[in-house]
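Listed here are the chains, written in short residue letters.
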Protein chains: 2
Amino acid sequence: MGVDVEDLIAGLRRGERRALARLLTVVEDGGESRLRHVVAALYPTTGNARVIGVTGSPGVGKSTLTNAVATQLRGRGRSVAILAVDPSSPFSGGALLGDRVRMQGHHADAGVFIRSMASRGHLGGLSFATPQAALVLDAAGFDDVIIETVGVGQSEVEVAATADTTIVALAPGMGDGVQAAKAGILEVADVFAINKADQPGAGKLESELRGMLEMGHATEDADAPAGWWPPIIRTVAVRGEEIDALMGAIDEHTRHLDDTGERDRRVRRRALHLIREIALEHVRLRFARLGQRDDPLLDDLATRVAGRDLDPYAAADELLAALEGGGA
Amino acid sequence: MGVDVEDLIAGLRRGERRALARLLTVVEDGGESRLRHVVAALYPTTGNARVIGVTGSPGVGKSTLTNAVATQLRGRGRSVAILAVDPSSPFSGGALLGDRVRMQGHHADAGVFIRSMASRGHLGGLSFATPQAALVLDAAGFDDVIIETVGVGQSEVEVAATADTTIVALAPGMGDGVQAAKAGILEVADVFAINKADQPGAGKLESELRGMLEMGHATEDADAPAGWWPPIIRTVAVRGEEIDALMGAIDEHTRHLDDTGERDRRVRRRALHLIREIALEHVRLRFARLGQRDDPLLDDLATRVAGRDLDPYAAADELLAALEGGGA
């Protein structure tokens, strides 16, 4: 098994797509020691790719935007990996997401790699797997890694913790406007794309968004990147309109990161996020294993809690005390 | 603060709806010590409500089904609480989910309590908050608590861990059929509702579902409830059609739980789930606090990982070792 992973890592370093695909399956399917081995081996050679996050509600055209951005990057000769993360999809690996068919313009292009990913093997799900998949793509030598994810739950916060530049996509006519969009998107956006801007309501959506950004600016939190005001670009991705402007905004943000020291802050934040996710997954696995092997302590705690003899908080205290005392 | 929560708990015991609503806000917004206080105080009086989970993809008519089931239960004079959990919604508390307007038939009925919930204050999100909200509703004395949740991510597994009986709702014409439905739904379903059964494709959907259940039965896992084959009920919830049949299937499952000892197994599983979620949230909070207060160890680890001098798995090991040594 160790040899197998070593072969894949060597294959990745020779630029083999098949080895890359199989390493991403290791990230996705888990197997704690294999994954650890892969990430530890590849980590020293990461940190070179630009990671772009694309997030937004279903139906705003994230895939089309991602495709259009990838086309722009390919036009400059940059290699691009696209990681499509769908927290609501059971599909992954070989099976492509439904809207991945739109990516077919790239299918014969060796400079583009497309992979969809679902959470399978990990208790921590995609918040655990996504940053590690991004590391594998980074180590594979892609100039740009685009992580596209549906903004549900905490996913947009998680993509922002992994990306250098996060694009939040909105669209008019989604029935909700910005007010209904999650408050979280304002915090994570480095660039806004108002896609489907040829449809009625694009102007109103932009005004609402500007209003909310100004309100947010007035109560600016300490964590906001100094001196960066997220630009709002109106795009019609399906026709490639204003994608150059969107690309310009991404590049400008890249320069901003370099010029202000904000990049260092983000690299550090990403490291912190990754350390925490890995440590949490370790704890989750330990708890899950305890449950599986009928640990006497957990068994006793569950019986007492089920019988209403002990409240679940007091039981959790006992469990944690035992774990910290090296009891498990 | 303690007095405040004590007052709310006393109010809940007197049947005050306002106290119930405010206690659910405590569950939702967090504040570790307040929440702990509430759950520990109420826990001994829980365990009496029947908890019914309703899950399925967006658009299958979960809210309408939930409404129709609640109407049936009210017709028997049972009191009903509905907890609508939407992992993708930023709304909660006073603000109702969009489709809650359909519930207006119940708005003047004191025997029905409806609450929508989003994850706000907790790192563990809804998997942490939902079972505790169900406990509060249980303690409030409702005969039935219905937890309705969109099946994204792990949410359907989580609702099943909290419910006595889990209804998985499907609908024809969703473009995907059962194959595309998440594999997880087969494992968690006690009852299937094929809703919108007046639309084309209901028969095909039922055949596909039966086929998948038979396949699953052939490779039956040890965890499956003995002797229970999930019935498939075709409903048209919007017109109240076959809701009595659905209700009959739920009642039959309730009897099955009582007759086979499966209820005890589920009560125990629920206790285990809750203990683990609370312990995990404690660990998450500890990691989050470390990051906020510039803990010297985490600071050093993040710097070394950011600089590629240390891989994130080795850093997580150091963090966990320090925590277990009582270092934080």
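The text that follows walks through the structure, step by step, so that each part is easy to find. Everything quoted here is computed from the prediction, not taken from an experiment. (Residues numbered from 1 in each chain as written. Chains lettered and ligands numbered in written order. Predicted model: local features only at pLDDT ≥ 70, side-chain atom pairs only at ≥ 80, totals over all residues.)

## Some thoughts on the relation of the copies chain B and chain A
Point 1. At an RMSD of 0.1 Å, chain B and chain A line up after a rotation of 180 degrees and a shift of 0.0 Å along the axis. Classification of the inter-copy transformation places it as that of a two-fold axis. Taking C-alpha positions as the reference, the residue of chain B nearest the rotation axis is Glu324 of chain B, at 2.4 Å.
Point 2. The overlap is high: 100% of the interface residues of chain B also sit at the interface in chain A, so the same surface is used on both sides. (Least-squares fit on C-alpha atoms with pLDDT ≥ 70 in both. Contact = placed C-beta atoms within 7 Å.)

## Section: the sheet that holds strand β2 (residues 80-85) of chain B
Residue and element names in this part refer to chain B.
Point 1. Sheet architecture is open: seven strands sit in the order β3-β2-β4-β1-β5-β6-β7, paired in parallel fashion. A strand with exactly one partner marks an edge of an open sheet, and here the two such strands are β3 (112-117) and β7 (232-234). Each adjacent strand pair in this sheet contributes to an overall mean axis angle of 20 degrees, direction not counted.
Point 2. Each of β1 (50-56), β4 (144-150) and β5 (165-170) is contacted by helix α6 (residues 155-162), which is oriented at about 165 degrees to β1, the strand it contacts most.
Point 3. Across the face of the sheet, helix α10 (residues 243-260) comes into contact with β1, β5, β6 (191-194) and β7 while running at roughly 170 degrees to β6. (Pairing = 2+ DSSP bridges. Helix = DSSP H or I, 4+ residues; strand = E, 2+ residues; numbered from the N terminus. Axes fitted to C-alpha atoms, helices over the stretch in contact; angles between N-to-C directions.)

## Observations concerning the nonpolar core
Point 1. Ranked by size, the top nonpolar core spans 187 residues in total, and within it Leu83 and Ile275 of chain A together with Leu83 and Ile275 of chain B carry the most contacts.
Point 2. Apart from the residues within four sequence positions on either side, Leu83 of chain B is in contact with Arg115, Met117, Ala133, Ala134, Leu137, Val145 and Ile147 of chain B. (Core = buried A, V, L, I, M, F, W, Y, C linked by C-beta atoms within 7 Å. Buried ≥ 20, exposed ≤ 12 C-beta atoms within 10 Å, placed from the backbone.)

## Comments concerning the pairing of strand β2 (residues 80-85) of chain A
Put simply, side chains in a regular strand alternate between the two faces of the sheet.
Residue and element names in this part refer to chain A.
Point 1. Of all six residues making up β2, six are buried, and the element is well covered by its neighbours.
Point 2. The two faces of β2 match: Val80, Ile82 and Ala84 on one face and Ala81, Leu83 and Val85 on the other face are all buried.
Point 3. Pairing of β2 with strand β3 (residues 112-117) involves six bridges; the strand directions are parallel. Of the residues in β3, the one forming a bridge with Ala81 is Phe113.
Point 4. In terms of strand pairing, β2 meets strand β4 (residues 144-150) through six bridges, oriented parallel. In the strand pairing of β4, Ala84 is matched with Glu148.

## Thoughts on the environment of Phe287 of chain B
Point 1. By the element assignment, Phe287 of chain B lies in helix α11 (residues 262-292).
Point 2. The class of Phe287 of chain B is buried, set by 23 C-beta atoms lying within 10 Å.
Point 3. Residues Phe287 of chain B and Gly75 of chain B lie 212 residues apart in sequence; the distance between their C-alpha atoms is 49 Å.
Point 4. Setting aside residues up to four positions removed in sequence, Phe287 of chain B forms contacts with Arg276, Ala279 and Leu280 of chain A.

## Some points on the sheet that holds strand β6 (residues 191-194) of chain A
Residues and elements named next belong to chain A.
Point 1. Taking strand neighbours across the sheet as the criterion, the seven strands line up as β3-β2-β4-β1-β5-β6-β7 in an open arrangement whose pairing is parallel. Strand pairing shows two members of the sheet lacking a second neighbour, β3 and β7 (232-234), which therefore form its edges. Mean inter-strand twist for the sheet, computed between neighbouring axes without regard to direction, equals 20 degrees.
Point 2. Running at roughly 175 degrees to β4, helix α4 (residues 62-75) makes contact with β1 (50-56), β2, β3, β4, β5 (165-170) and β6 of the sheet.
Point 3. Contacting β1, β2, β3 and β4, helix α5 (residues 126-139) crosses the sheet at an angle of about 170 degrees to β2.

## A closer look at the interface of chain B and chain A
Point 1. Listed per partner, the contact involves 45 residues of chain B and 46 residues of chain A.
Point 2. Those elements that place two or more of their residues in the side of chain B that touches chain A are α3 (32-42), α11, α12 (296-306) and α13 (312-324) of chain B.
Point 3. By residue number, the principal contributor to the side of chain B that touches chain A is α11 of chain B, which donates 15 residues.
Point 4. Here the side of chain B that touches chain A is composed, by residue class, of 30 nonpolar, seven polar and eight charged. (Nonpolar A, V, L, I, M, F, W, Y, C, P; charged D, E, K, R; others polar.)

Coordinates in, geometry out; function isn't part of it.
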